[in-house]
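Per-entry structural report
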Amino acid sequence: MADERDPKLSQHYRSLEPLEPPAALDQKILAAAREAAESPHAPLVAPGGRHRWYYGLAAAAVLVFAVALTLHLERDRPDPEAGPPLRMDRELRGQIKQAPKADAAPREAAPAPRTPAPTPRADEQRIRAEQAATERAMRSEAQAEAAASRLAGGSAAAPLAAAPENPDRWLERIAELRSRGRHADADRELAAFRKAYPNYALPEVMRERVEGTVAPR
Amino acid sequence: MEAPDEELMAAYRDGDAAAFETLYARHRARLYRFVLRSVKSRPLGEELFQEIWLRVIEARGRYSPQARFTTWLYTIAHNHLVDHWRKRGLTLVALEGDEIAGASPDPADQAQARQSLERFAAALQALPALQREAFLLHEESELSLAEIAAATGTNEEAAKSRLRYAMAKLKAAMNDG
């Protein structure tokens, strides 16, 4: 660089007006430097007021989205507590299939023909249909039991809410009528029982007792 | 023995505010003259001078002691001036030619430039921007040609050419009287 330097030219340049930054400017810069050194990661230009609302808006948007998503999932999700009773009901229907009378409700609830790979949506619909059918079946059973109870016990004024007669006890009572020779009463009760419990699978021994086909001892 | 600039800048980067004060004291006047004589306006020059130092402060985390501090400082200054000119729609073309970038010397200034120093000052202001920048860097920063080239984003030959053009015009202005 020495070959480029011209002493006379440099001297002229040095003779120009001496320029120095004013003290106030020095203080501003040094203050900024000190502030930055004290908070190493803080930006010198803080986010302006007109940008701060972005943070609040973003937080609100996230919150609304989270709530909407949760509600959506809650609405579409099957009731987890409906699972086990539903399975129990299906097991019960498996036994009832052997009953002499056809059961409309379980057939209605029978799953649609299986597809090679059922989608979650299809499963969901099947579960809902089964659930509805089960509810209908339970309602009709309760009504039938209540009606049968009224017929058997003569308590016509008994409310539907009264506990229906237990089918086993009812059958035992019919068998008792049969054994006492009250066949007309036994037949009437048996008809009422079958109306009330069309799907009840009668064990062979009990069937013989209530129908009077058992061999006399 | 005084600590080198690079050591001071590294210390400031690591949180030593006093190191920056020393560094600032060493370079403030030269950088101030470089900026003010580049823009020809004291208020604007002071604003740019402050902004350049704020950029230095903000960029401290990226400073690597392998780079010479002076080169780094004047690179920041050069880039900031280029940004400033771009914002004003000015470009730094006609670097090697004789065209005058920016306003011509005021006729009143020319009339007053009877004395050698005044002619010199007027000629300096009349230089194309990058020729003036090369000369100012040469005089104020004491950077080598290679360092001037690095700071201004060009090659050494171009930097040398700019400097020679500038010096030739300034000599001519001095000897004109």
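A quick note: this is a predicted structure, and the numbers were derived from the prediction, not measured.

What counts and how
Residues numbered from 1 in each chain as written. Chains lettered and ligands numbered in written order. Predicted model: local features only at pLDDT ≥ 70, side-chain atom pairs only at ≥ 80, totals over all residues. Helix = DSSP H or I, 4+ residues; strand = E, 2+ residues; numbered from the N terminus. Buried ≥ 20, exposed ≤ 12 C-beta atoms within 10 Å, placed from the backbone. Contact = placed C-beta atoms within 7 Å. pLDDT = per-residue confidence, 0-100. Nonpolar A, V, L, I, M, F, W, Y, C, P; charged D, E, K, R; others polar. Axes fitted to C-alpha atoms, helices over the stretch in contact; angles between N-to-C directions. Parallel < 35°, antiparallel > 145°, perpendicular 65-115°, else oblique. Expected span 1.5 Å × (residues − 1). Arc of directions from axis to C-beta. Left-handed = near helix turned anticlockwise from the far one by under 90°.

1. Examining the overall build of chain A
- Secondary structure assignment for chain A yields 9 helices and 0 strands.
- Buried residues in chain A amount to 17% of all 217 residues.
- Looking at chain A alone, contacts between residues at least 24 apart form 56% of all its contacts between residues at least 6 apart.

2. Re the overall build of chain B
- Within chain B one finds 9 helices and 0 strands.
- Along chain B, from the amino end to the carboxyl end, the secondary structure elements read α-α-α-α-α-α-α-α-α.
- Contacts in chain B between residues at least 24 apart in sequence constitute 63% of all its contacts with a sequence separation of at least 6.

3. A word on the confidence of the model for chain B
- Put simply, chain B has an average pLDDT of 83, and 83% of its residues get 70 or more.
- Low pLDDT (under 50) marks residues 93–104 of chain B, which in the prediction has 18 contacts with non-local residues, meaning those over four places away or in another chain.

4. Thoughts on the environment of Val39 of chain B
Residue and element names in this part refer to chain B.
- Take Val39: it is sitting in helix α2 (residues 17–39).
- Residue Val39 is classed as partly exposed on the basis of its 19 C-beta neighbours within 10 Å.
- A C-alpha to C-alpha distance of 8.9 Å links Val39 and Ala129, two positions 90 residues apart in sequence.
- When residues no more than four places from it in sequence are discounted, the contact partners of Val39 are Leu44, Gly45 and Leu48.

5. Concerning the interface of chain A and chain B
- In this complex, chain A contributes 24 residues to the contact, which on the side of chain B involves 30 residues.
- Among the elements of the structure, α1 (7–14) and α2 (23–38) of chain A are those that each provide at least two residues to the side of chain A that touches chain B.
- The residue makeup of the side of chain A that touches chain B, split by class, is 15 nonpolar, 3 polar and 6 charged.

6. Points about the environment of Ile174 of chain A
Residues and elements named next belong to chain A.
- One can find Ile174 in helix α7 (residues 167–179).
- Along the sequence, Ile174 and Asp187 sit 13 residues apart, while their C-alpha atoms lie 8.1 Å from each other.
- The contact partners of Ile174, leaving out residues within four places of it in the chain, are Ala186, Glu189, Leu190, Phe193 and Val210.

7. Considerations on the packing of α7 of chain A against helix α9 (residues 204–211) of chain A
Residue and element names in this part refer to chain A.
- Contact geometry for α7 and α9: axes closest at 7 Å, N-to-C directions at 45°. With respect to each other, α7 and α9 are oriented oblique. The segment α7 lies against α9, with Leu171, Ile174, Ala175 and Arg178 engaging Met206, Arg209 and Val210.
- When its residues are assigned to classes, the contact of α7 with α9 shows 5 nonpolar, no polar and 2 charged.

8. Looking at α7 of chain A
All names here are of chain A.
- Helix length check: α7, at 13 residues, gives a terminal C-alpha distance of 18 Å against a target of 18 Å (1.5 Å per residue), a fit within 8%.
- Of the positions making up α7, those classed as buried are Trp170, Leu171, Ile174, Ala175 and Arg178. Down the axis, α7 shows its buried residues gathered within 140° of arc, on one side only.
- Where α7 ends, the next residue or the one after it, Gly181, has phi of about 90°, a positive value.

9. Let's talk about unusual backbone geometry
Residue and element names in this part refer to chain B.
- A positive phi is found at Glu142, a non-glycine position, where the angle reads about 60°.
- Mapped onto the elements of the fold, Glu142 is located in the loop between α7 (129–141) and α8 (145–151).
- Judged by local crowding, Glu142 falls into the exposed class, with 11 C-beta atoms found within 10 Å.

10. Let's talk about the packing of helix α6 (residues 116–126) of chain B against helix α9 (residues 156–175) of chain B
Residue and element names in this part refer to chain B.
- The N-to-C vectors of α6 and α9 enclose an angle of 150°; their axes lie 8 Å apart at closest approach. Our classification of the angle between α6 and α9 gives roughly antiparallel. Between α6 and α9 lies a crossing of right-handed hand. Contact with α6, carried on its side by Ser116, Arg119, Phe120, Ala123 and Leu124, involves Lys169, Leu170, Ala173 and Met174 of α9 and no other residues of that element.
- Across the contact of α6 with α9, the residue classes tally to 6 nonpolar, 1 polar and 2 charged.

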